[in-house]
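# Residue-level structure breakdown
Here are the chains, one letter per residue:
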Amino acid sequence: MRSIVAEHDLRANQVRQALAALDHDLRAIVTLEEKNGLSYQAIATTLDIPKETVDSRLNRARRELRKALEPNV
């Protein structure tokens, strides 16, 4: 039986790998939103793209991450 720490480390590694596999534009938006806590508007301003583009890219990134991580859930 794996320890809780080992399970956490394994899951964290899987998430890092899934993030690394994302297209650069998608990874940037996920990082700005999830890690840095920026709002959609702040991300749009930072990347000089429309807010709607942030929304669609973030949704696409989350779908791709979910798909990549699903077998490991």
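Nothing here was measured: the structure is a model prediction, and the numbers come from that model. (Residues numbered from 1 in each chain as written. Predicted model: local features only at pLDDT ≥ 70, side-chain atom pairs only at ≥ 80, totals over all residues. Heavy atoms only, no water.)

### A look at the overall build of the protein
Short version of the rule: Here a helix means four or more residues in a row that DSSP labels H or I, a strand means two or more in a row labelled E, and each is numbered from the N terminus. Both definitions apply: the radius of gyration is a C-alpha atom measure, and the globule rule equals 2.2 Å times residues to the power 0.38. Remark: exposure states derive from per-residue accessible area (1.4 Å probe, protein chains only) relative to the maximum for the residue type, with buried under 20%, exposed over 50%, and partly exposed in between.
When its secondary structure is counted, the protein shows four helices and zero strands. For the protein, the N- to C-terminal ordering of α and β elements is α-α-α-α. In terms of overall size, the protein is more extended than a compact globule, its C-alpha atoms giving a radius of gyration of 14 Å where 73 residues would be expected to give roughly 11 Å. In the protein, which comprises 73 residues, the share counted as buried stands at 22%.

### Side note on the side chain of E33
Selection rule: We define a polar contact as two N or O atoms separated by no more than 3.5 Å, with the added condition that, inside protein, one atom must be a possible hydrogen donor and the other a possible acceptor, whereas residues neighbouring each other in sequence contribute only through side-chain atom pairs. Contacts are residue-level and defined by heavy atoms, with any inter-residue pair within 4.5 Å sufficient.
Within the element layout of this structure, E33 appears in helix α2 (residues 24-35). Within the structure, E33 has its side chain in polar contact with the side chain of R62 (distance 3.0 Å). Residues in contact with E33, not counting those within four places in the same chain, are L38, Y40, I43, L58 and R62.

### Quick look at the nonpolar core
Stated formally: By nonpolar core we mean a set of buried residues, namely Ala, Val, Leu, Ile, Met, Phe, Trp, Tyr and Cys, connected to one another through side-chain atoms within 4.5 Å.
Counting residues in each nonpolar core, the largest one holds 14 residues, and the members touching the most others are L22, I29, V30, I43, V54, A61 and L65. Secondary structure elements with two or more residues in this core: α2, α3 (40-47) and α4 (51-69). Residue contributions to this core peak at five residues, all from α4. Sequence-distant contacts of L22, defined by excluding residues within four places in its chain, comprise R27, V30, A61, E64 and L65.

### Overview of the confidence of the model for the protein
Let me state the cut-off plainly: As a per-residue measure, pLDDT reflects the predictor's confidence and takes values from 0 up to 100.
Per-residue confidence for the protein gives a mean pLDDT of 91; residues scoring 70 or more make up 95%. Per-residue pLDDT, averaged within each element of the protein, yields its smallest value for helix α1 (residues 4-21) (89) and its largest for α3 (97).

### Things to note about α4
Which entries qualify depends on this criterion: To estimate the expected span of a helix, count its residues, drop one, and scale the result by 1.5 Å. This arc is taken over the directions from the axis of the helix to the C-beta atoms.
Here α4 spans 27 Å end to end across 19 residues, near enough to the 27 Å set by a 1.5 Å rise per residue. Among all positions of α4, only V54, L58, A61, L65 and L69 are buried. Mapping the buried residues of α4 onto a view down its axis gives an arc of 65 degrees, with all of them on the same face. Among the exposed residues of α4, those pointing more than 90 degrees away from its buried face are E52, R66 and K67.

### Here's the deal with unusual backbone geometry
The phi torsion at D48 lies on the positive side, around 55 degrees, for a residue other than glycine. Taking relative accessible area as the criterion, D48 reaches 71% and is therefore assigned exposed.

### Re the environment of Q41
Relative to the helices and strands, Q41 is located in helix α3. Sequence spacing of Q41 and D55 is 14 residues, and the spatial spacing of their C-alpha atoms is 9.6 Å.

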